[in-house]
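Here is what each chain is made of, one letter per residue.
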Amino acid sequence: MRGLILIIFISFFISGLSWASKDWQTYYEKSDFKKTPRYAETMDYCRRLDYASKWVKLTSFGKSPQGRELPLLIIDKHGNFAPEKVRKSGNVIVLVQAAIHAGESDGKDAGLMLVRDMVISKKLDRLLDKVTFLFIPIFNVDGHERFGPYNRINQNGPEEMGWRVTAQNLNLNRDYLKADAPEMQAWLKMFDNWLPDLMVDCHVTDGADYQYAITYGLEDSQNVAGPLREFSDDFLEPYLDQKMAADNFPMFPYIMFKNWNDIRSGLVSGAASPRYSTGYGAVQNRIFYLIETHMLKDYRTRVTATEHLLIHMLELANQDAGKLKEVNRMADEQTAKSLTGRYLPLVLKTSMKDSTFINFLGVKYDRIPSEISGADWVIYHADQPKTYRMPLFNKVEVSDSVKVPYAYLIPAEWTFAIEKLQLNGVKIRYLANDTTLSVSSYRFSNPQWQEKPFEGHHRVSFQMDTVSERRAYPAGTAVIFLNQRTNRVIVNALEPKGPDSFISWGFWDTIFERKEYSEGYVLEKLARKMLAEDPALMEEFEEKVATDSSFAASSRERLNFFYERSPYWDKQINLYPVGKLMHPVSLRLKN
């Protein structure tokens with residue numbers, strides 16, 4: 001019996017050695033750096049990492065609409081795979097995600113090599129000394145499997161790749177705050193559970209040709225809490241720029257040309273709204289660093305550049321672990337305690353009147369008239385590098401802001417708003433009894449809908465006036481106090497001026513719809529009665545007829561003039577259901 005047990009033990013031991021000694025080259029490396037693995041092959045490699053190392057746990061943070069698991073690799077030297085244990089250990093949590101645009105796979109292949117070198121060869125295990133590393137190799141898993149050679153017309157490799165958007169045709173990097181996609185809803189729950197200290201989003205850019213293998217996005221405008229701005233400006237950005245330059249990968253901030261086809265017109269960069277990863281990081285008081293490798297560089301160059309940048313990002317996180325945790329704590333604390341009663345920037349725009357001159361590592365190009373497009377054809381000469389001295393427009397100004405209230409009130413029937421706020425980590429209380437309160441809110445006018453859909457919505461613009469009134473709120477009304485680390489999320493979601501507010505995305509379109517109507521013969525009688533009772537109304541009516549020709553020509557509008565001023569008119573049409581308490585009020589709340 002003992003002999004049999006020994007044989008079984010030796011068999012398992014040999015089997016384990018065989019597994020551990022398997023070739024750990026990634027699919028990308030085996031392809032001579034020209035191919036990226038499919039979903040199944042990627043998951044198989046992740047499972048091998050999990051099996052081979054006690055430092056690795058492969059888990060899923062949700063499922064896609066087509067039923068694929070959303071993979072999350074957790075890497076921790078001490079085997080701490082739960083957020084509570086990691087926080088107790090003192091480690092910083094760094095999240096790197098790839099393939100949110102599934103055709104842009106550079107981060108996936110760079111990340112898999114990085115994990116292997118940390119946990120298998122252990123030549124980079126020092127990067128885990130003070131860091132717990134979370135890695136999402138493929139975020140957009142369904143789009144990833146819409147695989148083919150013709151999915152990225154501007155991109156130089158890999159030989160085949162996934163598709164930009166999800167199976168539901170949603171762009172995940174436009175979905176952070178509004179959270180339409182099931183994948184994003186799952187990501188938000190994962191984010192709230194782990195609350196990473198630093199995040200990286202791996203992309204491949206479109207646009208012009210230039211020498212940089214990587215450009216990067218990093219929010220450091222007025223939409224970011226002060227401690228995070230200072231850390232980015234004083235530590236993160238200079239450290240990464242210096243290290244990457246030493247690796248022969250000079251970097252430049254993610255830019256666009258002022259005039260799209262003319263590099264000499266100048267470069268423009270600005271602040272991102274919360275629909276994007278970097279802008280969402282800003283409202284969540286976390287640095288979300290955007291990597292944009294250059295699409296015309298060959299695939300090996302791009303993946304190598306990404307890997308180098310991720311290594312240096314983790315070096316910094318280890319080196320400044322205490323500082324990083326402290327600036328996040330300070331940002332959360334200041335946001336929770338210091339915003340109420342102050343003005344918070346909502347709309348930020350880059351000034352086209354103020355610039356600084358910089359050196360930009362471009363390439364020679366020609367512009368020739370095109371008989372096909374009728375415009376200029378820009379021809380870049382990648383083999384002829386050229387340094388341009390040109391203006392950079394990067395001064396961001398606040399174009400609109402709002403005074404942060406004490407609390408928002410959302411009637412219980414607007415479940416979508418309550419659920420989306422909760423997905424974004426917002427804490428919500430509820431009224432215990434019926435309560436009438438003096439609130440501030442908005443009444444809208446002249447709503448205009450975008451003709452073509454954008455991310456499944458016809459976005460709406462409007463004019464609006466502030467209203468102050470008494471409103472009756474029933475028990476169960478949601479109360480959102482502005483004493484939370486997510487205050488910036490709350491304000492951006494609920495203030496109509498916010499570029500990604502729920503109402504601007506069209507979630508509240510029903511408030512603009514008229515639901516009751518009247519017959520002309522009824523209004524004819526009502527109008528005469530109102531005129532007899534209010535002589536001043538006749539003056540107002542006659543002035544309207546005299547000064548507005550379209551009104552004067554419309555019998556329906558002339559009669560509606562009186563309907564709108566009668567007690568029968570719907571007083572809630574165009575009225576924002578969300579109320580604001582501008583000052584502390586005693587409320588009875590459910591436990």
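For the structure itself, look to the data block above.
Residues numbered from 1 in each chain as written. Predicted model: local features only at pLDDT ≥ 70, side-chain atom pairs only at ≥ 80, totals over all residues. Heavy atoms only, no water.

**Here's the deal with the overall build of the chain**
Right, so step 1: Each helix and strand counted, the chain has 17 helices and 20 strands in total.
Right, so step 2: Expressed along its principal axes, the backbone C-alpha trace of the chain runs to roughly 105 × 75 × 45 Å.
Right, so step 3: Nonlocal contacts in the chain, meaning residues at least 24 apart in sequence, comprise 78% of its contacts between residues at least 6 apart.
Right, so step 4: For the chain, the computed accessible surface area is about 27,400 Å², with 51% contributed by carbon and sulfur atoms.
Right, so step 5: Charge-centre separation for the chain: the mean point of 74 positive side chains lies 5 Å from the mean point of 75 negative side chains. (Helix = DSSP H or I, 4+ residues; strand = E, 2+ residues; numbered from the N terminus. Contact = heavy atoms within 4.5 Å. Areas by Shrake-Rupley, 256 points an atom, 1.4 Å probe, with all protein chains shown as cover. Lys, Arg positive; Asp, Glu negative; His and termini not counted. Charge placed at Lys NZ, Arg CZ, Asp CG, Glu CD.)

**Re the side chain of Glu495**
Right, so step 1: Take Glu495: it is sitting in the loop between helix 13 (487–494) and helix 14 (520–533).
Right, so step 2: A polar side-chain atom of Glu495 sits 2.6 Å from a polar atom in the side chain of Tyr442. (Polar contact = N/O pair within 3.5 Å; in protein donor to acceptor, adjacent residues only side chain to side chain.)

**What about the packing of helix 8 (residues 226–246) against helix 11 (residues 321–338)?**
Right, so step 1: Here helix 8 crosses helix 11 at 150°, and the two axes come no closer than 8 Å. The angle between helix 8 and helix 11 falls in the class roughly antiparallel. Along its contact with helix 8, which presents Pro227, Leu228, Phe231 and Phe235, the element helix 11 presents Lys323, Leu324, Val327, Asn328, Met330, Ala331 and Gln334.
Right, so step 2: Each residue belonging to the contact of helix 8 with helix 11 can be placed in one class, and the counts come to eight nonpolar, two polar and one charged. (Axes fitted to C-alpha atoms, helices over the stretch in contact; angles between N-to-C directions. Parallel < 35°, antiparallel > 145°, perpendicular 65-115°, else oblique. Nonpolar A, V, L, I, M, F, W, Y, C, P; charged D, E, K, R; others polar.)

**Description of the pattern of salt bridges**
Right, so step 1: Within the structure shown, the criterion is met by 34 salt bridges.
Right, so step 2: The partner of Lys30 in a salt bridge is Asp23, and the shortest N-O contact between them spans 4.0 Å.
Right, so step 3: Measuring nitrogen to oxygen at the nearest pair gives 3.0 Å for the salt bridge that ties Glu540 to Arg565. Remark: Arg565 occurs in the loop between helix 17 (555–564) and strand 20 (579–581) and Glu540 occurs in helix 15 (residues 535–547); sequence separation between them is 25 residues.
Right, so step 4: Each member of the salt-bridge network shares a partner with another, and the members are Glu29, Arg116, Asp117 and Lys123. (Salt bridge = Lys/Arg side-chain N within 4 Å of Asp/Glu carboxyl O.)

**Some remarks on the sheet that holds strand 10 (residues 287–293)**
Right, so step 1: The sheet built from eight strands is open, its strands ordered 1-2-4-3-5-10-6-7 with mixed pairing. Of all strands in the sheet, those with a lone pairing partner are strand 1 (56–63) and strand 7 (251–253), marking the two edges. Geometrically, the sheet is characterised by an average inter-axis angle of 25° between neighbouring strands, direction not taken into account.
Right, so step 2: Sheet contacts for helix 3 (residues 39–52): strand 1 and strand 2 (69–75); angle to strand 1, the most-contacted strand, approximately 140°.
Right, so step 3: Helix 10 (residues 299–319) contacts strand 3 (92–97), strand 4 (131–136), strand 5 (198–204), strand 6 (214–217), strand 7 and strand 10 of the sheet and is inclined by roughly 160° relative to strand 10. (Pairing = 2+ DSSP bridges.)

**Regarding the pairing of strand 2**
Right, so step 1: Counting buried residues in strand 2 gives six out of seven residues, a clear majority hidden from the surface.
Right, so step 2: The pairing of strand 1 with strand 2 spans six bridges and is antiparallel. Note that in strand 2 the partner of Lys63 across the bridge is Glu69.
Right, so step 3: Connecting strand 1 to the antiparallel partner strand 2 that follows it, the hairpin turn spans five residues, and Gly67 within it adopts a positive phi of roughly 95°.
Right, so step 4: As paired elements, strand 2 and strand 4 share three bridges and run antiparallel to each other. Across the sheet, Ile75 pairs through a bridge with Phe133, a residue of strand 4. (Buried < 20%, exposed > 50% of the residue type's maximum accessible area, 1.4 Å probe, protein only.)

**Some remarks on the packing of helix 15 against helix 17**
Right, so step 1: Interaxial distance between helix 15 and helix 17 falls to 12 Å at its minimum, and their mutual angle equals 150°. Relative to helix 17, the element helix 15 is oriented roughly antiparallel. Where helix 15 crosses over helix 17, the two elements pack in a sense that is right-handed. For the pair formed by helix 15 and helix 17, the contact residues are Leu537, Glu540, Phe541 and Val545 on the first element and Arg558, Phe561 and Phe562 on the second.
Right, so step 2: Residues of the contact of helix 15 with helix 17, tallied by class, amount to five nonpolar, no polar and two charged. (Left-handed = near helix turned anticlockwise from the far one by under 90°.)

**Section: the packing of aromatic side chains**
By convention here, two paired aromatic rings are described through the distance between centres and the angle between planes.
Right, so step 1: Per the stated rule, a full pass over the model turns up 41 aromatic pairs.
Right, so step 2: With a centroid separation of 5.6 Å and 70° between ring planes, the pair formed by Tyr406 and Phe481 is classed as edge-to-face. Within this pair, whereas Tyr406 is found in the loop between strand 14 (396–403) and strand 15 (407–410), its partner Phe481 is found in strand 19 (residues 478–481), the two being separated by 75 residues in sequence.
Right, so step 3: On the accessibility criterion, Tyr406 (23% relative accessible area) is partly exposed.
Right, so step 4: In textbook terms, an aromatic cluster arises when at least three aromatic residues are bridged by ring pairs, as seen for Trp414, Phe416, Tyr442, Phe444, Trp449, Phe462, Phe502, Phe507, Trp508, Phe512 and Tyr576.
Right, so step 5: Looking at Arg48, its charged tip hangs above the ring of Trp24, at a distance of 4.0 Å from the centre.
Right, so step 6: Note that Lys178 overlies the ring of Trp505, its terminal NZ or CZ placed 4.9 Å from the centroid. (Phe/Tyr/Trp six-rings, centres within 6.5 Å; stacked < 30°, edge-to-face > 60°. Lys NZ or Arg CZ within 6 Å of the ring centre and 35° of its normal.)

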